[in-house]
Amino acid sequence: MSQIETFYDVMRRQGITRRSFMKYCSLTAAALGLGPSFVPKIAHAMETKPRTPVIWVHGLECTCCSESFIRSAHPLAKDVVLSMISLDYDDTLMAAAGHAAEAAFEDTIAKYKGNYILAVEGNPPLNEDGMFCITGGKPFVEKLRHAAKDAKAIISWGACASYGCVQAAAPNPTQATPVHKVITDKPIIKVPGCPPIAEVMTGVITYMLTFDRMPELDRQGRPAMFYSQRIHDKCYRRPHFDAGQFVEQWDDDAARKGYCLYKMGCKGPTTYNACSTVRWNEGVSFPIQSGHGCIGCSEDGFWDQNGFYERVTGIKQFGIEATADQIGFATTAVVGGAVAVHAAASALKRAQKKNEEA
Amino acid sequence: MTTQTPNGFTLDNSGKRVVVDPVTRIEGHMRCEVNVNDEGIITNAVSTGTMWRGLEVILKGRDPRDAWAFTERICGVCTGTHALTSVRAVEDALGITIPDNANAIRNIMQLNLQIHDHIVHFYHLHALDWVNPVNALRADPKATSELQQMVSPSHPLSSPGYFRDVQNRLKKFVESGQLGLFKNGYWDNPAYLLPPEADLMATTHYLEALDLQKEVVKVHTIFGGKNPHPNWLVGGVPCAINVHGVGAVGAINMERLNMVSSIIDRCIEFNKNVYLPDVVAIGGFYKNWLYGGGLSSRACLAYGDIPENPNDFSPEQLHLPRGAIINGNLNEVHDVDTRDPEQIQEFVDHSWYDYGEPGKGLHPWDGETSPKFELGPNLKGTRTHIEEIDEGAKYSWIKAPRWRGHAMEVGPLARYIVGYAKGHEDIKNQVDGLLRTMDLPVNALFSTLGRTAARALESEYCGRLQKHFFDKLITNIKNGDSSTANVEKWDPKTWPKEAKGVGMTEAPRGALGHWVRIKDGRIENYQCVVPTTWNGSPRDSQGNIGAFEASLLDTKMERPEEPVEILRTLHSFDPCLACSTHVMSPEGDPLTTVKVR
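Because the structure is predicted, anything quoted here is derived from the model rather than measured.

Enquirer: I'm lost on the overall build of chain B in this one. Help?
Expert: Broken down by element type, chain B carries 16 helices and 17 strands. Taken over C-alpha atoms, the radius of gyration comes to 24 Å for chain B, in line with the 25 Å a tight globule of 597 residues would show. Summarising its shape, the C-alpha atoms of chain B cover approximately 65 × 65 × 50 Å along the three principal directions.

Printed below as a string of structure tokens:
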């Protein structure tokens, strides 16, 4: 067992001291609501626990989730794969093929019954007896069910597994079906987006490894820590929205000044994701920063909402019963007033919250 | 039974049948079956695309300005190339021209994804066919360091300590007993020929390339907001340029341009110091393994790409060459017209679709669809549990495209053969230089290794081109031109009632075309013919075999039950199955007529 590189080894190798490690264990215990007596137990588990086996299967998809995953900067994808998890089956990256690959799949299920994480990229089509996606000569849905049966938990990567994505857009000719509609008896974490942000993907995995539990999920089954806020609310161009400064045409003066893209069809106001905070590819940019509106790729059925350049209507802001359009056309004085009201309301809320906590 | 194909191959399906399903380290789902004779030589090959998503059906009735986002999701590996092809098709249909800066930025993005894709393909999808990471444990780090300095004197990461660290990490990984991605690999197969030091060097670069690739794509993030799946725009590019004035922080400014420039330099460095030297070093140990030529010496097709000037796709204006070679005659390169209904046609006799009559070929503008999943009488197994496929009947979700009736190879090797035959100066210099270095004749190009080498050369060439277009962009900005989009025809009210167009690119895997028909502001019909559709095509009604199948023939397998050689050759094409398995829509039919049985 001593030869297995444990979570502790990984942390040490990354330059984390024993002292920091123990502090980390205390914090973990506190976060889990456990007393100080549990700290040594957590430390012991982390020092000895082998890497968690992961089976990563692919249905109907475009592999953008895998591609996104390997872009992760912190942690680096190579550290996740070499030191944090044991990626025992992934047809996109594994060395073996055919029978040898299938054997790796079966071995992992048998050996780690109830203890492996099943990561699903893509979804199963149900039409044509499932034969729109064939693997090992059989319908992919069979493989999915088989792997799900003994999994500890399932991660639905991306819009395909979470909601169906592009192949499920009308008229959904293959009856591409999201994972949770096929597997109904397992905990499922949806990590939507086309693809999800790399650091959100590795963030979800490392959260599960670190705290040994499922992340808190919202009503739709998404990790609350990354998907509970609208892109619009954290967008750095939001002040231009509030000030009524909009791009009216591609490459106009407002576009060159980085004004709000709402009128160009930006779906930021109706999209819940971490793009405007975590941003993409090590924080380099995100769609709005690079001049194109958000297309809402982490929302259920975003392909069949209005076109990507049609304006979102009826959104509320500031908790005031005015739509974005009205605000957009309103005079600066009114907007200024609204901002002031908004700021005051926020301050009040903060004060109330502090009182509750105290 | 022995048969002769019209395109010059002999098939014999009497030997032992070997099935590889899933074929791993590819994009999407694929199955391969071969027959092997008593000497372990492949005498028959059958490649099956095992997925279908129906994207073109889904596109009908939608806003053509949105099509790039749908088609981009055909593939997240060559992410962006479908989107570019789509905006070109729509612009062609509607007569929209783009500004010079948009052309430069699009080219930089397309070249960037070409480089990214080639590097990830070589190191993360293909390398394990040549490189044995387990054998790397036996390497002497000092000797590895010497090898590294010999093959690439200017690569800074070459000390014995560096290789020892990587080796220790690898050792720990292997000794943990949790082999992860390396589990069940064919590590004691005699097909692996590298000495431990070369294995260690290449495995180290597997990790270096994994770190590098996430940097390469940041060019997409800057211009397109994210990667995978950056954003594009009909009429130009969505990112505005502002390097001088108020609000420059919200646009493409000096800081952004500097980041692009530094990434372009890193790509050039990596190609020069790591990728190309690795291909030469690894190739050197395998230079007697010259299997896998297939169609490459007989029939190659390229549409060409990377226009020097916007809106001009004439062949002499393209940096990546256009042309078709047939019957092995390299002295004559035919021009390719993607609008000509006689040139490109797709057939479905052995594909799970129905055209109503046998032997019928259709040009993409006039496509039809009816998926028809049926298996032949000689199938072993059942409809939902296929043990051995019957290639005499329908056997793939991939259609069979043909150029003037010929099965064609597409991709980096096809581009390089067309370029070489046309006397393309950069390509000729690169190819001649490589052959000289490796002491190989020109016909060594027609091989699995040739395909892999052409990809590396192309990555190097694309790196230089990226710089060329970056310089062009800077010059334009210097001269006061910051325009990135043409919005004259953004409003659908300005469009003709009916229009049709075609967009072409050279995707990393080969010639890619999108054909669109627009009616009343909506997509009436959309059709993609994709590189892997060409390469992975099943037989046609005449019995011509496609590039995958042809390339596997006559290969000697060390151990038929371990498909190292099959993987090696299939991977050399960099198969992308999500791309290849698509469908055409019947012209004018409502969406609901797509019959899914």
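This is not the end of the story, as more comes after the structure.
Enquirer: Explanation requested: the overall build of chain A in the structure shown.
Expert: A tally of helices and strands in chain A yields 14 helices and 9 strands. Looking at chain A alone, contacts between residues at least 24 apart form 69% of all its contacts between residues at least 6 apart.

Enquirer: Is there a simple way to think about the domain arrangement of chain A in this case?
Expert: When the parts of a complex come together, some accessible area is lost, and that lost area is often used as the size of the interface. Residue and element names in this part refer to chain A. For chain A, the assigned domains are domain 1 (1–50), domain 2 (51–221) and domain 3 (232–355). Between domain 2 and domain 3, the residue contacts involve 13 residues of the former and 13 residues of the latter. Mapped by element, the contributors of at least two residues to the side of domain 2 that touches domain 3 are helix H8 (158–163) and helix H9 (198–211). Residues that form the side of domain 2 that touches domain 3 fall into these classes: 10 nonpolar, 1 polar and 2 charged.

Enquirer: When you look at the interface of chain B and chain A in this model, what are you seeing that I'm missing?
Expert: With 91 residues of chain B at the contact, the number on the chain A side is 79 residues. Secondary-structure elements contributing two or more residues to the side of chain B that touches chain A are strand S3 (16–20), helix H1 (55–59), helix H2 (67–72), helix H6 (160–175), helix H7 (196–216), helix H8 (218–224) and strand S13 (385–388) of chain B. Split into classes, the residues belonging to the side of chain B that touches chain A amount to 42 nonpolar, 30 polar and 19 charged.

Enquirer: Would you mind going over the sheet that holds strand S16 (residues 510–519) of chain B with me for this structure?
Expert: Strand pairing within a sheet occurs via backbone hydrogen bonds; the two strands may be parallel or antiparallel. Residue and element names in this part refer to chain B. One open sheet accounts for 3 strands, arranged S15-S16-S17; its pairing is antiparallel. Of all strands in the sheet, those bounded by a partner on one side alone are strand S15 (498–507) and strand S17 (522–529). Averaged over neighbouring strand pairs, the angle between their axes works out to 15 degrees when direction is ignored. In this fold helix H3 (residues 81–94) packs onto S15 and S16, with an angle of close to 150 degrees to the strand it touches most, S15.

Enquirer: What should I look at first to understand the sheet that holds strand S10 (residues 344–347) of chain B in this one?
Expert: All names here are of chain B. With antiparallel pairing, 3 strands are arranged side by side in an open sheet as S11-S10-S14. Two strands lie at the open edges of the sheet, namely strand S11 (361–362) and strand S14 (400–403), each paired on one side alone. Both S10 and S11 contribute to a ladder of 2 bridges, which runs antiparallel. In the sheet register, Glu346 faces S11, and the bridge partner there is Leu362.

Enquirer: Teacher, can you tell me more about the environment of A:Phe241 here?
Expert: Residue and element names in this part refer to chain A. Here Phe241 is to be found in helix H11 (residues 238–242). Considered as a pair, Phe241 and Val204 are 37 residues apart in the sequence and their alpha carbons are 32 Å apart. Sequence-distant contacts of Phe241, defined by excluding residues within four places in its chain, comprise Cys260 and Tyr262.

Enquirer: Which parts of the structure should I look at to understand helix H5 (residues 141–151) of chain B?
Expert: The periodicity of an α-helix, 3.6 residues per turn, causes residues three or four positions apart to be oriented the same way. All names here are of chain B. Burial in H5 covers these residues: Thr144, Ser145, Leu147, Gln148 and Val151. The arc that holds every buried residue of H5, seen down its axis, measures 160 degrees, which confines them to one face. Where H5 is buried, its residues contact H6, H7 and helix H9 (254–285).

Enquirer: How should I be thinking about the pairing of strand S2 (residues 85–90) of chain A in this particular structure?
Expert: The side chains of a regular strand alternate between both faces of the sheet. Residue and element names in this part refer to chain A. Buried residues dominate S2, accounting for 6 of its 6 residues. Alignment of strand S1 (residues 52–58) against S2, held across 5 bridges, turns out to be parallel. Residue Trp56 lies in a different strand from S2, and its bridge partner there is Asp90.

Enquirer: Explain the environment of B:Tyr286 here, please?
Expert: All names here are of chain B. Along the chain, Tyr286 turns up in the loop between H9 and strand S6 (300–302). For the pair Tyr286 and Leu212, spaced 74 residues apart in sequence, the C-alpha separation works out to 26 Å. Contact partners of Tyr286, with chain neighbours within four places excluded, come to Trp130, Leu193 and Leu449.

Enquirer: Any chance you could explain the nonpolar core here in plain terms?
Expert: Note on soluble globular proteins: their nonpolar side chains tend to be buried together. In terms of nonpolar packing, the biggest core is built from 280 residues, with A:Leu118, A:Val120 and B:Leu301 touching the most fellow members. With 13 residues, the single largest contributor to this core is helix H4 (residues 100–126) of chain B. Each of two domains, domain 2 (51–221) and domain 3 (232–355) of chain A, supplies a minimum of three residues to this core. Excluding residues that lie within four positions of it along the chain, B:Leu301 makes contacts with B:Ala324, B:Val336, B:Trp403, B:Met408, B:Val410, B:Ala414, B:Ala511 and B:Trp534.

Enquirer: So what exactly am I meant to see when it comes to H7(B) here?
Expert: Compared with the 30 Å implied by 1.5 Å per residue over 21 residues, the 29 Å span of H7(B) between its first and last C-alpha is a close match. Within H7(B), 15 of the 21 residues are buried, which leaves it mostly tucked inside the rest of the structure.

Enquirer: Can you walk me through the packing of helix H10 (residues 412–422) of chain B against helix H12 (residues 448–478) of chain B in this structure?
Expert: All names here are of chain B. Put simply, H10 and H12 touch, their axes get as near as 8 Å, and they point 75 degrees apart. Classified by the angle between their axes, H10 and H12 sit roughly perpendicular to one another. Only Gly450, Arg451, Ala454, Arg455, Leu457 and Glu458 of H12 make contact with H10, whose side of the interface consists of Pro412, Leu413, Arg415 and Tyr416. The residue inventory of the contact of H10 with H12, partitioned by class, reads 5 nonpolar, 1 polar and 4 charged.

Enquirer: I'm lost on the confidence of the model for chain A in this one. Help?
Expert: Interpreting fine coordinate detail is not advised for predicted regions of low pLDDT. Residues and elements named next belong to chain A. Per-residue pLDDT for chain A has a mean of 86; in total, 81% of the residues score no lower than 70. Confidence drops under a pLDDT of 50 for residues 318–348, and excluding neighbours within four residues, the segment shows 30 contacts in the predicted structure. Across residues 354–358 the pLDDT falls below 50, and counting only partners more than four positions away or on other chains, this stretch makes 0 contacts in the model.

Enquirer: Teacher, can you tell me more about the confidence of the model for chain B here?
Expert: Residue and element names in this part refer to chain B. Residues of chain B with pLDDT of at least 70 account for 97%, and the chain-wide mean is 94. Low pLDDT, under 50, characterises residues 583–597; the stretch is placed with 41 contacts to residues that sit more than four places away or in other chains. If you check the scores for this complex, the pTM reads 0.91 and the ipTM reads 0.94.

Enquirer: Help me understand the packing of H7(B) against H9(B), please; the structure alone is not making it clear to me.
Expert: The relative placement of two packed helices comes down to the angle between their axes together with the axis-to-axis distance. All names here are of chain B. Put simply, H7 and H9 touch, their axes get as near as 11 Å, and they point 155 degrees apart. Taken as axis vectors, H7 and H9 run roughly antiparallel relative to one another. The two elements H7 and H9 cross, and the hand of that crossing is left-handed. Between H7 and H9, the contacting residues are Ala198, Ala202, His205, Glu208, Leu212, Glu215 and Val216 on the first element and Ile263, Arg266, Cys267, Phe270, Val274, Asp278, Ala281, Ile282 and Phe285 on the second. For the contact of H7 with H9, a count of residues per class yields 11 nonpolar, 1 polar and 4 charged.

Enquirer: Can you help me understand unusual backbone geometry in this one?
Expert: When glycine is set aside, most residues are seen to have a negative phi, and most peptide bonds are trans. Cis geometry marks the peptide bond from A:Ala170 to A:Pro171; its omega dihedral reads 5 degrees. Relative to the helices and strands, A:Pro171 resides in the loop between H8 and strand S7 (188–191). The step from B:Asp21 to B:Pro22 runs through a cis peptide bond, and the omega angle for that step is 5 degrees. Within the secondary structure layout, B:Pro22 lies in the loop between S3 and strand S4 (30–36). With a phi angle near 55 degrees, B:Arg25 is a residue other than glycine that sits in the positive phi range. In this structure, B:Arg25 sits in the loop between S3 and S4. Judged by C-beta crowding, with 27 C-beta atoms within 10 Å, B:Arg25 ranks as buried.

Rules of the game
The written sequence of each chain sets the order in which its residues are numbered from 1. Numbering of ligands from 1 and lettering of chains from A proceed in the order in which they are written. Thresholds applied to this predicted model are a pLDDT of at least 70 for local features of residues and 80 or more for the giving and counting of side-chain atom pairs; totals over whole chains, interfaces and linings are not thresholded and use all residues. By the criteria applied, helices consist of DSSP H or I runs no shorter than four residues and strands consist of E runs no shorter than two, each listed in order from the N terminus. Within these notes, the globule rule equals 2.2 Å times the number of residues to the 0.38 power, and the radius of gyration is based on C-alpha atoms. Contact between residues is assigned whenever the C-beta positions, reconstructed from backbone atoms, fall within 7 Å. Domain delimitation follows an automatic or database domain assignment. Residue type decides the class: Asp, Glu, Lys and Arg count as charged, Ala, Val, Leu, Ile, Met, Phe, Trp, Tyr, Cys and Pro as nonpolar, and the leftover types, Gly among them, as polar. Strands qualify as paired when DSSP identifies two bridges or more between them. A fitted line through C-alpha atoms serves as each axis, taken over the contacting stretch for helices, and the angle formed by two N-to-C directions is quoted from 0 to 180°. To sort residues by burial, count the other C-beta atoms lying within 10 Å of each one's C-beta; a count of 20 or more means buried, 12 or fewer means exposed, and anything in between means partly exposed. C-beta atoms are built from the backbone. As used here, the arc is the angular range of directions from the helix axis to the C-beta atoms. The nonpolar core criterion groups buried Ala, Val, Leu, Ile, Met, Phe, Trp, Tyr and Cys residues into a set whenever they are joined through C-beta atoms within 7 Å. Expected span of a helix, by definition, is 1.5 Å for each gap between consecutive residues, and there is one gap fewer than residues. An angle below 35 degrees is read as roughly parallel, one above 145 as roughly antiparallel, one from 65 to 115 as roughly perpendicular, and any other as oblique. pLDDT measures how confident the predictor is about each residue, on a scale from 0 to 100. Throughout, a crossing is termed right-handed when the near helix is turned clockwise from the far one, and left-handed when it is turned anticlockwise from it by less than a right angle.

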